[in-house]
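An overview of the molecular structure
The lines below spell out each chain.
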Amino acid sequence: MRYRSLGRSSLSISAVGFGTCQLRMVPQQQAIDTLKHGFDLGVNFVHTAPDYDGAEDLVAQAVDESGRDILVFSQGYGELSHFEWLFEMACLRSKNKPLDVFGIACVEDRELLGENVWGKGGMIEFLLQKKSEGRLRSIFAETHGTPEYIAKLIKSNVFDAVLLAYNTMGFHALSYFPEPPGTFENIPRNKTEIFPLARQHQVSIMLMKSLGGGLMCAGKAFPPHARFSDEKEPLAAGEILRQLLLDQDITAVVPGTASVEEADENARAGFSDASISHNRLKVIEQSSAEMVQTLCSRCGYCDSICSQNLPVSWLFRDAYIQTIRAETFETLDRLQYFHLHPQLTAKCASCDHVTCLCPFGIDVPGSLIRVHEVMSKLKDQKLLALTPTQQEQQQMGSGPWGVKVISAEIPPSMRCGDRAVCRLWCENGSAKNWVPASHWTGGVGLYLLVQVGERDQTVVLRHVVEPGTRTHFIFEVEAPDQAGDCKIQLFLKTSGQNVPEEGGEISAYSIQIRC
C-alpha cells in the first residue's frame with residue numbers, strides 16, 4: 001500500500017480509504033469482515049459519521065478486533081453543544097486517546113442552517129482549542145460546495161484535508177441543482193482549480209463519489225437492478241480508482257465499501273505495483289464520455305420547459321438511486337418517482353409536443369420511457385419505498401412503538417437451505433425514541449425478533465432512532481429444508497428489567513420454499 005502525508009500534519013494515510021455509509025445496509029458481521037480485510041491489505045483510514053446508522057460503532061469494533069492503528073475520520077454538526085458531544089463520543093470510541101482527526105460535516109450546510117462555524121465560540125474555535133490541548137492532531141472538512149467556497153476552506157489554513165466529490169464523469173448519483181440560496185457543486189472545476197490550490201497550501205485532497213455514487217460501475221455488495229448508461233465497455237471499480245490515483249494532487253480516494261470482495265478490489269488499487277495500461281486509460285475516458293451522453297446530470301435545465309410539466313431531473317435522480325442500490329441516502333418522500341409521476345404509463349410515451357431538449361444531447365423522452373419501464377417493474381416487485389400517499393394508507397404495526405415499514409426487501413421465494421439477506425426500512429411513528437438494548441444497563445431497549453418457520457433470531461437496533469426518523473434492520477434468513485410455504489414474522493420487541501411495555505408485530509411475509 002502507498003501512504004501519503006495528511007496535509008501539514010505528521011500523519012500519513014493510505015492511498016485508499018473506505019467510506020462506511022453503506023455498512024448500515026449489510027449484516028453486521030459482513031461489515032466487520034469488510035473493514036478488517038481492508039485493514040489487512042494496508043488501508044489505514046476510514047471515513048464515518050454519526051448519521052450513518054451506527055457505522056461509527058462498527059468501525060470501532062473492527063479496529064479493536066484488528067489490533068491495528070487506524071485513523072477514523074469522524075465528523076460533527078449542529079449547535080456547539082451537540083458538536084462537542086459528538087467529539088467526546090469519538091474520543092470514547094478511541095478509548096480516550098487523543099483523536100488523530102476530526103472534521104466538520106458538509107461545512108456549507110452548517111453555514112446555510114445558521115450553525116456557528118467561524119464565529120466566536122464556534123466549531124473552528126473549538127477544534128483549534130482541542131489541538132492546542134493535545135486532544136486532536138488534525139482537522140478535515142467535508143464539502144459539496146462550489147469551487148469558490150472550497151477555495152475559502154483551503155485558504156483558511158485550518159484544515160489538513162478536504163473531502164470533496166470528483167470523478168471523470170463530472171457528476172454523481174446525488175447531483176441536483178438546488179434552489180437558492182443552495183449552491184451547486186462543480187466537479188470538473190474541482191480538478192482544474194481546487195486541486196492545484198490545495199497542493200499550494202499543503203492541504204490533502206480526498207475524493208468521495210469517485211465511482212459516481214455507483215453510476216460508473218456496477219457494485220458487488222449491491223448488484224444494481226438496472227443500468228441506464230450505454231457505454232460500450234463496462235468499467236471496474238479498481239481501474240477507475242487506479243486512474244484517479246495517477247494524479248499526484250489526489251492524496252487518497254475514499255470509495256464506499258460494503259463487502260470483502262469490494263474491500264479487496266478497492267484496497268489493491270492503492271498498491272505501489274498497481275498499474276493500468278494506456279489502452280485501459282483510453283477506455284475509461286471513452287466510457288466516461290459515453291455515460292455523460294446517456295445519463296442525466298440533473299442540471300435542471302429541462303425541468304421548466306417540459307410540455308408535460310414533469311420534474312425531469314428529479315425523475316431521473318430517484319430512478320438512479322433506486323436502481324443502483326449502493327446509494328444510501330434515500331430520496332425525500334415528496335421527490336419519489338411515483339409520487340411525482342403517479343400515472344401507470346409513461347407520459348413521455350404519448351407526448352406529441354416534445355420541448356425537453358437536453359443541452360448535453362440526451363434523448364430525454366426515450367430515456368424516461370426506459371426509466372418508467374424499469375421503475376414499474378420494481379414497483380410491482382415491491383422493491384420501492386412507499387410514496388407519501390401509500391404511507392397514509394398503511395396500517396401501523398401492533399404494539400406501542402408506532403412502527404411503519406417503508407420498504408422491505410424480502411425474497412418471495414427461496415431454495416431449500418439457501419440463505420438470503422433481507423432489508424427492512426422502518427420509521428419510528430411513536431412519540432418516543434427507539435433505543436438499542438445495548439445502550440442501557442437494566443433499561444428498556446428495542447430489537448427486532450425474526451421468526452422464520454420455527455426458527456427465531458434477534459436483530460439488534462444499531463443506533464437511537466428519534467420519532468419521525470428511519471432506520472434499517474438487516475438480517476439473513478435461511479430457508480427450511482422442506483418445500484412449501486414459509487412465513488417470516490417480524491416483531492419489534494423490548495428487553496431489559498422492569499419492562500413497562502412490550503413490543504408488537506410489524507409485519508408478516510410469505511415465501512415459497514423450493515427444493
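Computed from a predicted structure; not experimentally measured. (Residues numbered from 1 in each chain as written. Predicted model: local features only at pLDDT ≥ 70, side-chain atom pairs only at ≥ 80, totals over all residues. Heavy atoms only, no water.)

Section: the overall build of the chain
Applicable threshold: For the purposes of this entry, the term helix denotes a DSSP run of H or I that reaches at least four residues, the term strand denotes a run of E that reaches at least two, and both are numbered from the N terminus. Within these notes, the globule rule equals 2.2 Å times the number of residues to the 0.38 power, and the radius of gyration is based on C-alpha atoms. Classification of residues uses two cut-offs on accessible area relative to the type maximum, computed with a 1.4 Å probe and protein chains only: under 20% is buried, over 50% is exposed, and between them is partly exposed. Pairs of residues are marked as contacts when any of their non-hydrogen atoms sit within 4.5 Å. Values of accessible area rely on a 1.4 Å probe in the Shrake-Rupley scheme; residue burial ignores everything except the protein chains shown. Asp and Glu count as negative and Lys and Arg as positive, but His and the ends of the chain are not part of the count. Charge positions are represented by NZ for Lys, CZ for Arg, CG for Asp and CD for Glu.
Looking only at helices and strands, the chain has 14 helices and 18 strands in total. Taking 2.2 N^0.38 as the reference for a compact globule, 515 residues should give roughly 24 Å; the C-alpha atoms of the chain span a radius of gyration of 23 Å, in line with that estimate. Principal axes of the C-alpha set define a box for the chain whose edges measure 65 × 65 × 45 Å. In the chain, buried positions account for 53% of the 515 residues. The long-range share in the chain, meaning contacts at least 24 apart out of those at least 6 apart in sequence, stands at 74%. Of the roughly 22,600 Å² that the chain leaves accessible, carbon and sulfur atoms contribute 49%. A gap of 3 Å separates the mean positions of the 48 positive and 61 negative side-chain charges of the chain.

Description of unusual backbone geometry
For Asn-96, which is not glycine, the phi torsion reads 60° and is therefore positive. Relative to the helices and strands, Asn-96 resides in the loop between helix 3 (80–93) and strand 6 (99–104). Judged by relative accessible area, which is 57%, Asn-96 ranks as exposed. Even without glycine at this site, Lys-382 takes up a positive phi of about 60°. Positionally, Lys-382 belongs in the loop between helix 13 (364–380) and helix 14 (388–393).

A word on helix 6 (residues 147–155)
Every buried residue belonging to helix 6 is among Pro-147, Tyr-149, Ile-150, Ala-151, Leu-153 and Ile-154, and all of these are buried. Against the buried residues of helix 6 lie helix 4 (107–112), strand 7 (136–142), strand 8 (161–165) and helix 7 (187–200). Positive backbone phi, at 60°, marks Asn-157, one or two positions downstream of helix 6.

Some details on the packing of aromatic side chains
The condition is simple: Stacked, tilted and edge-to-face are the three classes applied to pairs of Phe, Tyr and Trp rings, where Trp contributes its six-membered ring and a pair requires centres within 6.5 Å; stacked means planes under 30 degrees apart, edge-to-face means over 60, and tilted covers the rest. Placement of a positive charge over a ring is assigned whenever Lys NZ or Arg CZ falls within 6 Å of the ring centre and within 35 degrees of the normal to the ring plane.
Scanning all chains against the criterion turns up 13 aromatic pairs. Members of the aromatic cluster, joined through ring pairs, are Phe-83, Phe-87, Phe-102 and Phe-126. Positioned above the aromatic ring of Trp-401, the side-chain terminus of Lys-432 is 4.4 Å from the ring centre. Above the plane of the ring of Trp-425 lies Arg-470, whose end atom (NZ or CZ) is 5.0 Å from the centre.

Re the sheet that holds strand 14 (residues 445–452)
Heads up, the condition is: DSSP-based pairing: two strands are paired if at least 2 bridges between them are found. Angular values range over 0 to 180 degrees, each being the angle between N-to-C directions of two axes fitted as lines to C-alpha atoms, with helices fitted over their stretch in contact.
The strand order across the open sheet formed by 5 strands is 12-18-17-14-15, and the pairing between neighbours is mixed. The sheet terminates laterally at strand 12 (413–415) and strand 15 (455–460), the two strands that pair on one side only. With direction set aside, neighbouring strand axes in the sheet form an average angle of 30°. Examined bridge by bridge, strand 12 and strand 18 (residues 504–514) share 3 bridges and lie parallel to one another. Bridge pairing links Ser-413 to Gln-512 in strand 18.

Let's talk about the packing of helix 11 (residues 312–324) against helix 13
Each pair of packed helices gets described by two things: the angle between the helix axes and the distance between those axes. The cut-off we apply is this: By definition in this entry, angles of less than 35 degrees are roughly parallel, angles greater than 145 are roughly antiparallel, angles of 65 to 115 are roughly perpendicular, and the rest are oblique. Left-handed describes a crossing in which the near helix is turned anticlockwise from the far one by less than a right angle; the clockwise case is right-handed. Classification convention: Asp, Glu, Lys, Arg as charged; Ala, Val, Leu, Ile, Met, Phe, Trp, Tyr, Cys, Pro as nonpolar; all other residues, Gly among them, as polar.
Orientation of helix 11 relative to helix 13, taken along the N-to-C sense of each, is 45°, at an axis distance of 10 Å. Between helix 11 and helix 13, the angle falls in the class oblique. In this structure, helix 11 meets helix 13 at a crossing whose hand is left-handed. Facing helix 11, whose interface residues are Val-312, Leu-315, Phe-316, Asp-318, Ala-319, Gln-322 and Thr-323, helix 13 presents Val-364, Ser-367, Leu-368, Val-371, Val-374, Met-375 and Leu-378. When its residues are assigned to classes, the contact of helix 11 with helix 13 shows 10 nonpolar, 3 polar and 1 charged.

Considering the sheet that holds strand 11 (residues 403–409)
The strand order across the open sheet formed by 3 strands is 11-13-16, and the pairing between neighbours is antiparallel. The open sheet is flanked by strand 11 and strand 16 (470–478), the only strands paired with a single partner. Here the average twist between neighbouring strands, direction ignored, is 25°. Sheet topology places strand 11 next to strand 13 (residues 419–428); 6 bridges connect them, and they run antiparallel. Bridge pairing in strand 13 links Ala-408 to Leu-424.

Some points on the pairing of strand 7
Counting buried positions along strand 7 yields 6 of 7 residues, so the element is predominantly enclosed. Here strand 6 runs beside strand 7; their pairing, made up of 5 bridges, is parallel. Counted as the bridge partner of Phe-102 is Ile-139 from strand 7. Of the strand pairs in this sheet, strand 7 and strand 8 are connected by 3 bridges, and their pairing is parallel.

Thoughts on the environment of Lys-152
One can find Lys-152 in helix 6. Among residues more than four places away in sequence, those in contact with Lys-152 are Glu-111 and Trp-118.

Side note on the environment of Val-260
Along the chain, Val-260 falls in helix 9 (residues 260–268). Its relative accessible area of 36% is what places Val-260 among the partly exposed residues. For the pair Val-260 and Asp-380, spaced 120 residues apart in the sequence, the C-alpha separation amounts to 32 Å. Those residues in contact with Val-260 that sit more than four places away from it in its chain are Asp-33, Thr-34 and His-37.

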